[in-house]
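Analysis of the macromolecular model
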Amino acid sequence: NNYIYLNPADTVIDGFPVYEYVQANAVLFGGEAGVDLHPHPLDWLHIRSTFSAVLAELEDGTPLPLIPAMKLDNSLKVELEKCWKFEEFYVSVGYTNVMAQDRTAALETKTAAYDLLHAGLGFSIPMKDRSIELSIVGNNLLNTAYFDHLSRLKYAGIYNMGQNITFNLKVPFGSSVNSNG
């Protein structure tokens, strides 16, 4: 009862739509379900899959605006305590499928489906009394041009982030975490 939400108005300023707060009775339901497998005796293998969805509408059946699209996330990760001269070694790959959002409110644009591929690799190198950690993570590896349904920048034709590769180096300074003092 008396749900408050942002609704696109029939006004545009500098190319961007204007939104107004509206209050009405609405029905929202949804959730997230997932499976996280660590098959024995392959404890080093992690398989994860989640699905999320939200369905929302006014009492008269009109769709509510700004409702995220349904999404399926899948990932496969291998984690090893030791691998060659490295510790805490991992390699991962992930796939995200975001479905089209075509159940939209009046004055709201529909959003096409898209798929994203991710991967990562990381490890630590033991040094005297501490470890240096290194990792590389790539998001949207296929450089997919897409609009997230909740992005306000899609109205200006600005896509979400393209291919992104991150390098991470952690070098501890100061006293050792593993000191037995």
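Our structure's up above, just so we're on the same page.
Note that the structure is predicted; figures quoted are calculated from it, not measured.

Definitions and limits used
- Counting restarts for each chain: residues are numbered from 1 in the order of the written sequence.
- With pLDDT at 70 or above as the cut-off, local features in this predicted model cover only qualifying residues; side-chain atom pairs require 80 or more to be listed or tallied, and sums for whole chains, interfaces and linings still use all residues.
- As a convention, hydrogens and water are excluded, and side-chain values are obtained from all of the structure's heavy atoms.
- Pairing between two strands is assigned when DSSP locates at least 2 bridges connecting them.
- Comment: elements are numbered from the N terminus, with helices defined as DSSP H or I runs of at least four residues and strands as E runs of at least two.
- The axes are straight lines fitted to the C-alpha atoms, using for helices just the contacting stretch, and the angles between their N-to-C directions are given from 0 to 180°.
- Put simply, two rings from Phe, Tyr or Trp (the six-membered ring, in Trp's case) pair if the centres are within 6.5 Å, and we call them stacked under 30 degrees between planes, edge-to-face over 60, tilted for the rest.
- Working definition: with a 1.4 Å probe on protein chains only, accessible area under 20% of the residue-type maximum means buried, over 50% means exposed, and in between means partly exposed.
- We count a charge as sitting over a ring when the NZ of a lysine or the CZ of an arginine lies within 6 Å of the ring centre and within 35 degrees of the ring normal.
- To count toward a patch, a residue needs a relative accessible area above 30% and no salt bridge. Like charges then connect within 9 Å, nonpolar side chains (Val, Leu, Ile, Met, Phe, Trp, Tyr) within 5 Å.
- Using a 1.4 Å probe, the Shrake-Rupley method yields the accessible areas, and only the shown protein chains count as cover for residues.
- Salt bridges are identified by distance alone: a Lys or Arg side-chain nitrogen within 4 Å of an Asp or Glu carboxyl oxygen.
- Think of a nonpolar core as a cluster: buried Ala, Val, Leu, Ile, Met, Phe, Trp, Tyr and Cys residues, connected wherever their side-chain atoms sit within 4.5 Å.
- Pairs of residues are marked as contacts when any of their non-hydrogen atoms sit within 4.5 Å.

What about the sheet that holds strand 8 (residues 130-139)?
- Taken in spatial order, the seven strands of this open sheet run 3-4-5-6-7-8-9, and their pairing is antiparallel. With partners counted over all chains shown, the strands left at the sheet margins are strand 3 (26-37) and strand 9 (164-170), one partner each. Going across the sheet, the axis of each strand differs from the next one's by a mean of 10°, ignoring polarity.
- Two elements, strand 6 (residues 86-98) and strand 7 (residues 114-127), share ten bridges in a ladder whose sense is antiparallel.

A closer look at the packing of aromatic side chains
- Applying the stated criterion across every chain yields a total of five aromatic pairs.
- With 6.0 Å between their ring centres and 90° between their planes, Trp-84 and Phe-89 make a pair best called edge-to-face.
- Looking at Trp-84, the relative accessible area reads 72%, which means it is exposed.
- A relative accessible area of 11% places Phe-89 in the buried class.
- Relative to Tyr-146, the ring of Tyr-114 has its centre 4.2 Å away and its plane inclined at 25°; by these criteria the two rings are stacked. Placement of the pair is Tyr-114 in strand 7 and Tyr-146 in the loop between strand 8 and strand 9, with a sequence separation of 32 residues. In this structure, Tyr-114 and Tyr-146 share a single accessibility class: buried.
- In this structure, Lys-77 is placed above the aromatic ring of Tyr-90, and the distance from its NZ or CZ to the ring centre is 4.8 Å.
- Positioned over the ring face of Tyr-19 is Arg-152, at 4.5 Å from the centre of the ring.

Brief notes about a nonpolar patch on the surface
- Nonpolar side chains collect at one region of the surface, where Val-27, Phe-29, Phe-51, Leu-55 and Met-70 lie side by side and expose about 430 Å² of accessible area between them.
- Elements represented by at least two residues in the nonpolar patch include exactly strand 3 and strand 4 (45-58).
- In this structure, Phe-29 sits in strand 3.

Brief notes about the nonpolar core
- Counting residues in hydrophobic clusters, the biggest one holds six residues: Tyr-5, Ala-26, Ala-56, Leu-58, Leu-64 and Ile-67.
- If we skip the residues at most four places from it in the chain, Tyr-5 touches Glu-20, Tyr-21, Val-22, Ala-24, Leu-58, Leu-64 and Pro-65.
- Formed by five residues, the second largest nonpolar core is a distinct cluster that contains Ala-69, Val-98, Tyr-114 and Tyr-146.

Points about the environment of Ala-24
- By secondary structure assignment, the location of Ala-24 is in strand 2 (residues 16-24).
- Taking the C-alpha atoms as reference points, Ala-24 and Asn-2, separated by 22 residues in sequence, lie 4.8 Å from one another.
- Ignoring sequence-local partners within four residues, the contact set of Ala-24 consists of Asn-2, Tyr-3, Tyr-5 and Leu-58.

Things to note about the pairing of strand 8
- Taken together, the nine bridges between strand 7 and strand 8 define a ladder with antiparallel strand orientation. Considered in strand 8, the bridge of Ser-124 is made with Glu-133.
- Where strand 7 hands over to strand 8, the hairpin turn is made up of two residues, counted between the paired strands.
- Strand direction decides the pairing type here: strand 8 and strand 9, joined by seven bridges, are antiparallel. Counterpart to Leu-134 in the pairing with strand 9 is Leu-169.

Quick word on the pattern of salt bridges
- All chains considered together, the criterion is met by seven salt bridges.
- When the shortest N-O distance is used, the salt bridge between Asp-36 and Arg-48 registers 3.6 Å. Of this pair, Asp-36 sits in strand 3 while Arg-48 sits in strand 4, placing them twelve residues apart in sequence.
- On the basis of relative accessibility, which here comes to 41%, the residue Asp-36 falls in the partly exposed class.
- Put simply, Glu-87 and Lys-82 hold a salt bridge, and the shortest N to O gap is 3.3 Å.

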